[in-house]
Amino acid sequence: AAVPALVMLIAGERGRVVLAETFVTAAAVICVFQLAAYAVDAVTPLPPDFFGYLFDKSHQLEGYAQNSNAFALQLVMAAAVLIALFPSADVGLRWLAAALLWTAVGFARSRAGILCGLAAIPLALILPKLPGRLRVTGRLLAIVAIAGVAVLLAGVALWGNINEYILAPITHAMRPGAGDSDALRWQSTLLGWQAWREHPMLGGGLGSFLLDRDIAGLPPVVIHSVPVWFLAEMGVVGLAAYVGLIGSLTACGLTALWKRDRWAPGLLIVVMAFLLMGLVHDVLFQRTFWFAAGLTLARVPAKRLDGRDAQSSSKAVS
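Residues numbered from 1 in each chain as written. Predicted model: local features only at pLDDT ≥ 70, side-chain atom pairs only at ≥ 80, totals over all residues. Heavy atoms only, no water.

With respect to helix H10 (residues 208–215)
And then number 1: Among all positions in H10, only Ser208, Phe209 and Arg213 are buried. Around the axis of H10, the buried residues are gathered within 130° of arc, so they sit on the same side. The exposed residues of H10 that point more than 90 degrees off its buried face are Asp214 and Ile215. (Buried < 20%, exposed > 50% of the residue type's maximum accessible area, 1.4 Å probe, protein only. Helix = DSSP H or I, 4+ residues; strand = E, 2+ residues; numbered from the N terminus. Arc of directions from axis to C-beta.)

And the structure:
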């Protein structure tokens, strides 16, 4: 997360653009390699472990993340950075990179990743236009909060119908064998809730969930939800730290958006994807999230460093 700020301390905005283009290019190249191999495999099967040890069962691309959901998050992070880069030159290459990223997200077949990838598109179109068309007031914030609670309550009340008529058919079409992973995910979430109830304020301690299962001779299970994991191992205090992280990033993104900072939409999309995928996947340690957040959050110093100041600053940083 600190790398972009350290680079910008010396190289300014140009350093950020170089980092962003390198990040997006690396993701696009991986997509090209994976999609080309996927096409070859359809004609002449490649070795079973070429794509990853789960490919034979799921046919999901997982890049080099060893997990299709993690790969999808990485691509959405690159897409968020690309959205911030889009107004600049080489628009044709930007569209090509965007097509590669979203296509690879689809072939990763991560439902949460696809949802975030689809949500990023309208956000990329709407967010830059909000400062000139929308005035933030207490009444507006209250309406948004009430609407959010209403949607949440409606989702809980209609969850059975939503799952039966929408989610289940989509899941079966995309990933026929997803039942086992879904069952494990819900099991880990319920176990996390149970662990939190035993130590509600400070949790059981970092690493306690896996350690307790190992001591009991049970198979290892990772809690597939970032907020539930914080509750289980760090309690309400830990969850407050997590909420504070999300809230502060969101506040910085909205503030920058109203100042018409070109990187603000990218930051807000990064936070959106991390928050949504973190509800059902353990993505806290995905380094691309921290890098993309730092890249879109950092600000160019008011005074550009040059000469001796730049040299002394670089020595201090190192």
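As for the nonpolar core
And then number 1: Formed by 71 residues in total, the largest nonpolar core has its most connected members in Leu75, Met77, Val81 and Leu101.
And then number 2: Those elements that provide at least two residues to this core are helix H1 (3–43), helix H3 (68–85), helix H4 (91–108), helix H5 (111–126), helix H11 (226–258), helix H12 (264–278) and helix H13 (287–297).
And then number 3: Of the residues forming this core, the biggest block, 15 residues, is contributed by H3.
And then number 4: Beyond its immediate stretch of four places on either side in the chain, Leu101 contacts Ala27, Ala28, Cys31, Leu75, Ala78, Ala79 and Leu82. (Core = buried A, V, L, I, M, F, W, Y, C linked by side-chain atoms within 4.5 Å. Contact = heavy atoms within 4.5 Å.)

Concerning the environment of Leu6
And then number 1: For Leu6, the position within the fold is in helix H1.
And then number 2: Note: C-alpha distance between Leu6 and Arg16 (10 residues apart in sequence) is 9.9 Å.

Here we look at the packing of aromatic side chains
And then number 1: Within this structure, the stated rule accounts for 14 aromatic pairs.
And then number 2: With a centroid separation of 3.8 Å and 10° between ring planes, the pair formed by Phe274 and Phe289 is classed as stacked. Residue Phe274 is located in helix H12, and its partner Phe289 is located in helix H13; the two are separated by 15 residues in the primary sequence. The exposure classification of Phe274 matches that of Phe289, with both residues buried.
And then number 3: By the ring-pair criterion, three or more aromatic residues cluster together here, those being Trp229, Phe230, Tyr242, Phe274, Phe285, Phe289 and Trp290. (Phe/Tyr/Trp six-rings, centres within 6.5 Å; stacked < 30°, edge-to-face > 60°.)

Thoughts on the side chain of Asn69
And then number 1: On the secondary structure map, Asn69 appears in helix H3.
And then number 2: A distance of 3.5 Å separates polar atoms of two side chains, one belonging to Asn69 and the other to His281.
And then number 3: Not counting the four nearest positions on each side in its chain, Asn69 is found in contact with Ser110, Arg185, Met277 and His281. (Polar contact = N/O pair within 3.5 Å; in protein donor to acceptor, adjacent residues only side chain to side chain.)

Brief notes about a nonpolar patch on the surface
And then number 1: A surface patch of nonpolar side chains, amounting to about 310 Å² of accessible area, comprises Leu115, Leu276, Leu279 and Val280.
And then number 2: Along the chain, Leu276 turns up in helix H12.
And then number 3: By relative accessible area, which is 33% here, Leu276 ends up partly exposed. (Patch = residues over 30% accessible without salt bridge, like charges linked within 9 Å, V, L, I, M, F, W, Y side chains within 5 Å. Areas by Shrake-Rupley, 256 points an atom, 1.4 Å probe, with all protein chains shown as cover. Salt bridge = Lys/Arg side-chain N within 4 Å of Asp/Glu carboxyl O.)

Structural notes on unusual backbone geometry
A negative phi angle characterises most non-glycine residues, just as the trans form characterises most peptide bonds.
And then number 1: Notably, Gln66 is not glycine yet its phi reads approximately 60°, a positive angle.
And then number 2: Among the structural elements, Gln66 can be located in the loop between helix H2 (55–58) and H3.
And then number 3: Positioned with a positive phi, Arg260 is a non-glycine residue whose angle comes to about 60°.
And then number 4: Position of Arg260 among the secondary structure elements: in the loop between H11 and H12.
And then number 5: What makes Arg260 exposed here is its relative accessible area of 58%.

A look at the packing of H3 against H12
And then number 1: Two numbers describe how H3 lies on H12: the axes approach to 8 Å, and their chain directions differ by 165°. Taken as axis vectors, H3 and H12 run roughly antiparallel relative to one another. Seen from above, H3 lies across H12 with right-handed handedness. On H12, the residues that touch Asn69, Leu73, Val76, Met77, Ala80 and Ile83 of H3 are Gly266, Ile269, Val270, Ala273, Phe274 and Met277.
And then number 2: Counted by class, the contact of H3 with H12 contains 10 nonpolar, 2 polar and no charged residues. (Axes fitted to C-alpha atoms, helices over the stretch in contact; angles between N-to-C directions. Parallel < 35°, antiparallel > 145°, perpendicular 65-115°, else oblique. Left-handed = near helix turned anticlockwise from the far one by under 90°. Nonpolar A, V, L, I, M, F, W, Y, C, P; charged D, E, K, R; others polar.)

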